[in-house]
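Architecture at a glance
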Amino acid sequence: MKLRDDMPDKDDGLDKDFKIEALRRRHRKRKNEGRRGFRLPVRYVIALVVIVIAALAGFIAYNSGAFDDIRTNTDATDIESLFSIEESDEVGLLYNDEYIETTGITENDEVYLPYEFVRTELNGDFYYNEDEKQILYSTPTETFAYNEDTGELKIKKGIGYISLSLIEKYTNLELSELFTEPYRIVIRNKWGEAVSANVSRKTWLRRGPSRQNTRMKQLVKGESLRIVSVNGIWSYAETEDGLLGYVENKRLTKSVTYEETPVENAEEFDYSSIHYDDEVVLGWHQVTNELANDYLADYINSADGMNVIAPTWLSVTSTDGSYSSLCDADYVTKAHNAGLKVWAVVDNFNASDFTATSDSYTLLANTAVRQALAANLVKSVTAVGADGLNVD
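Attention in this report is confined to the structure presented alongside it. (Residues numbered from 1 in each chain as written. Predicted model: local features only at pLDDT ≥ 70, side-chain atom pairs only at ≥ 80, totals over all residues. Heavy atoms only, no water.)

A separate point is the side chain of Arg184. Of note, Arg184 is situated in strand S10 (residues 184-188). Under the relative-accessibility criterion, Arg184 is labelled buried at 4%. Separated by 2.8 Å, the side chain of Arg184 and the backbone oxygen of Thr180 make a polar contact. Look past the residues within four positions of Arg184 in its chain and what remains in contact with it is Phe83, Val91, Gly92, Glu177, Leu178, Phe179, Asp241, Gly242 and Leu243. (Helix = DSSP H or I, 4+ residues; strand = E, 2+ residues; numbered from the N terminus. Buried < 20%, exposed > 50% of the residue type's maximum accessible area, 1.4 Å probe, protein only. Polar contact = N/O pair within 3.5 Å; in protein donor to acceptor, adjacent residues only side chain to side chain. Contact = heavy atoms within 4.5 Å.)

Set out below in structure tokens:
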């Protein structure tokens, strides 16, 4: 017979069940914590969100150009150097989509361009007489002279400058207005296929294809640009006020390719001339004195097929425009009867007291003497009925 103390205690079984359930709860807790992972405190989460937002805002601001003012500056001196401007009255030239070293000058809102540039690039029919300090331009009927007194010529440091208004009168040019800061104009005399585009949002025109390059001008939305070339993600573009620089392609829209219309605003002249339609078979007749004119028949008989004869009748003898003449009307009549044209020869090397180089330059450099000589030579030839003048 067992005593009560020897009987199993019911409380021992309950304690065991409670212990098992506690172990199960701890196991489930660890399992759930493993699933959820590491938890940051709320304050750290908020700080991280702020950092991400700030980084994103900075990226957007960088690409929008908001930091451009901080990274670079605008340098007016740098722009002047593009035009090779050194003095306050100089005018920079943007010529056929290029900056050039040549500069003009301005006075009283008029622009003047250096003669050599005008002669070689714009209109070779202008002539500048440096000794007489005047500009000459010849039409089919007369020669016009311009000087400092008439206002079309300016002389600076020994260089002759022609007024742009006079150049434009005789030359087909596309010209802009005179822009300031610095003084500059746009000149174009070549036309073809061109490309234009508009600025899509506010941005900068720059000296080079990088945001680190000097700013030249702020461009506004809708501003029209002439696209000269494309360089990667940048375009080399010309503004309507005569600046040439780089702009990002992503800031451009509405690109259009078109054919330019050549400008035809100059006076038109008909420079007609006398043409000899037949083939010219010319024979020289050396005439050194009046008696030599009598040998015309001998020359005609010995030159089969000749249709033009050129007697050496005229020779320049002095820098004042004097010349000797052996012109003979009877000679011309006999030549015409034989079916020949007569082209009288004028030379600058047969007179003993006249040198063909230096004396000729002195004579031709004098406008009045040169014009008088030309008129007198024509008068001498037409007086005897000759058909032309052969300048040798």
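Next comes the rest of the write-up.
Time to look at helix H9 (residues 358-365). Buried within H9 are the following residues: Asp359, Ser360, Leu363 and Ala365. Check the buried side of H9 and you find it contacts strand S4 (127-129), strand S20 (314-316) and helix H10 (367-383).

Attention now moves to the sheet that holds strand S6 (residues 143-146). Read across the sheet, three strands follow the order S4-S5-S6 without closing on themselves; strand pairing throughout is antiparallel. Of all strands in the sheet, those bounded by a partner on one side alone are S4 and S6. Here the average twist between neighbouring strands, direction ignored, is 25 degrees. Of the strand pairs in this sheet, S4 and strand S5 (residues 134-138) are connected by three bridges, and their pairing is antiparallel. Looking at S5, one finds that Asn129 is bridged to Gln134. (Pairing = 2+ DSSP bridges. Axes fitted to C-alpha atoms, helices over the stretch in contact; angles between N-to-C directions.)

Moving on, we come to unusual backbone geometry. Residue Pro182 is bonded to the preceding Glu181 through a cis peptide linkage, with omega at -5 degrees. Residue placement: Pro182 occurs in the loop between strand S9 (174-175) and S10. At Asp109, a position not held by glycine, the phi torsion is positive, near 65 degrees. Mapped onto the fold, Asp109 is located in the loop between strand S2 (99-107) and strand S3 (110-114). A relative accessible area of 74% means that Asp109 is categorised as exposed. At Lys254, a residue that is not glycine, the phi angle is positive and equals roughly 55 degrees. Take Lys254: it is sitting in strand S17 (residues 252-259). A relative accessible area of 61% places Lys254 in the exposed class.

Bringing the side chain of Ser196 into the picture now. Examined against the element boundaries, Ser196 turns out to sit in strand S11 (residues 193-199). Beyond its immediate chain neighbours, meaning those up to four positions away, Ser196 contacts Leu225, Ile227, Lys254, Ser255, Val256 and Tyr258.

Any link to function would need more than the numbers given here.
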